[in-house]
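# Remarks on the overall topology
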Amino acid sequence: MGNEVFTRLEELGLTIPAVVPPVAAYVPAVQTNNHVYVSGQLPMVDGKLVAAGLVGADVTPEQAKELARQAGLNALAAVHALVGLDKVVRVVKIVGFVASAPGFTGQPGVINGASELFAEVFGEAGRHARSAVGVSSLPLNTPVEVEAIFEVA
């Protein structure tokens, strides 16, 4: 990837934000050997949750997809702060959690917000294995949470 990732971010009009401080007893990311494990990231901007509530009731699926994109951007911030985005070899896996209203089954489309971001930023190396899980609630009443595993050089 190297410096191509920064060129791509600029082309996309994206800026890597500051790392979101943990809301409990954990660290944003941990490296072991050639993998970085990113803790669940929320759609926070400037230290504030962008939206709250259940997808399919309080938040539309389209809004939630954008929130997942923001959570993915926050995951990139955690990787960048730990090892640098230029060290990313590929995105291995993401797990997305969607706080879902009863009967909502569009979790995969919501988590596409993060998946599509990673593909835009890293190209083929951004394509990954994934789970998209519906849950009854998430921390801080966030609609989405995204965790990720990256292979690094």
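Overview of the structure. Being a predicted model, the structure only gives us computed values, none of them experimental. (Residues numbered from 1 in each chain as written. Predicted model: local features only at pLDDT ≥ 70, side-chain atom pairs only at ≥ 80, totals over all residues. Heavy atoms only, no water.)

Looking only at helices and strands, the protein features 3 helices and 7 strands. Ordering the α and β elements of the protein from the N terminus gives α-β-β-β-β-α-β-α-β-β. Computed over its C-alpha atoms, the radius of gyration of the protein comes to 14 Å, within 12% of the 15 Å expected for a compact globule of 153 residues. Evaluated residue by residue, the protein yields a buried proportion of 41% over its 153 residues. Considering only residue pairs separated by 6 or more positions, the protein has 82% of its internal contacts joining residues 24 or more positions apart. When the accessible surface of the protein is summed, it comes to about 7,200 Å², and 52% of that surface belongs to carbon and sulfur atoms. Placing the 9 positive and 14 negative side-chain charges of the protein at their respective mean positions leaves the two points 4 Å apart. (Helix = DSSP H or I, 4+ residues; strand = E, 2+ residues; numbered from the N terminus. Rg over C-alpha atoms; globule rule 2.2 N^0.38 Å. Buried < 20%, exposed > 50% of the residue type's maximum accessible area, 1.4 Å probe, protein only. Contact = heavy atoms within 4.5 Å. Areas by Shrake-Rupley, 256 points an atom, 1.4 Å probe, with all protein chains shown as cover. Lys, Arg positive; Asp, Glu negative; His and termini not counted. Charge placed at Lys NZ, Arg CZ, Asp CG, Glu CD.)

Now for the pairing of strand β6 (residues 129-135). Each regular strand displays side chains that alternate between the two surfaces of the sheet. Pairing analysis gives 7 bridges linking strand β5 (residues 88-99) to β6, with the strands arranged parallel. Its bridge partner being in β6, alanine 99 is matched across the sheet by valine 135. Taken together, β5, helix α3 (residues 107-122) and β6 constitute a β-α-β crossover, and its handedness is right-handed. (Pairing = 2+ DSSP bridges. Right-handed = clockwise from strand over helix to strand, strands pointing away.)

This part covers the sheet that holds β5. Picture the strands of a sheet paired through backbone hydrogen bonds; they go either parallel or antiparallel. In space, the 5 strands of this open sheet follow the order β1-β2-β7-β5-β6, with mixed pairing throughout. Only two strands of the sheet have a single neighbouring strand rather than two, namely β1 (29-32) and β6. Along the sheet, successive strands turn relative to each other by an average axial angle of 15°, direction set aside. Where β1 lies against strand β2 (residues 35-41), 4 bridges are found, and the strand directions are antiparallel. Within β2, the residue paired with alanine 29 across the bridge is valine 38. Across the sheet, helix α2 (residues 61-82) touches β1, β2, β5 and β7 (144-152), and the angle it forms with β2 is around 140°. Running at roughly 160° to β5, α3 makes contact with β5, β6 and β7 of the sheet. (Axes fitted to C-alpha atoms, helices over the stretch in contact; angles between N-to-C directions.)

So, about the pattern of salt bridges. Applying the stated criterion to the full structure yields 5 salt bridges. For glutamate 11, the salt bridge is made with arginine 8, and the minimal N-O distance between the two is 2.8 Å. With glutamate 11 and arginine 8 both in helix α1 (residues 4-11) and 3 residues apart, the pair spans about one turn of that helix. With a relative accessible area of 56%, glutamate 11 lands in the exposed category. Exposure remark for arginine 8: the relative accessible area of 30% places this residue in the partly exposed category. For arginine 69, the salt bridge is made with glutamate 120, and the minimal N-O distance between the two is 2.9 Å. Separated by 51 residues along the polypeptide, arginine 69 in helix α2 and glutamate 120 in helix α3 bring together distant segments of the chain. (Salt bridge = Lys/Arg side-chain N within 4 Å of Asp/Glu carboxyl O.)

To continue, consider the nonpolar core. Among the nonpolar cores identified, the biggest contains 36 residues, and Leu76, Val110, Phe122 and Phe150 are the most heavily contacted of them. Only α1, β2, α2, β5, α3 and β7 provide two or more residues apiece to this core. With near-sequence residues (within four places) excluded, phenylalanine 150 lies in contact with Asn34, His35, Val36, Val38, Leu76, Val79, Val88, Arg90, Val91, Val92, Phe118 and Phe122. (Core = buried A, V, L, I, M, F, W, Y, C linked by side-chain atoms within 4.5 Å.)

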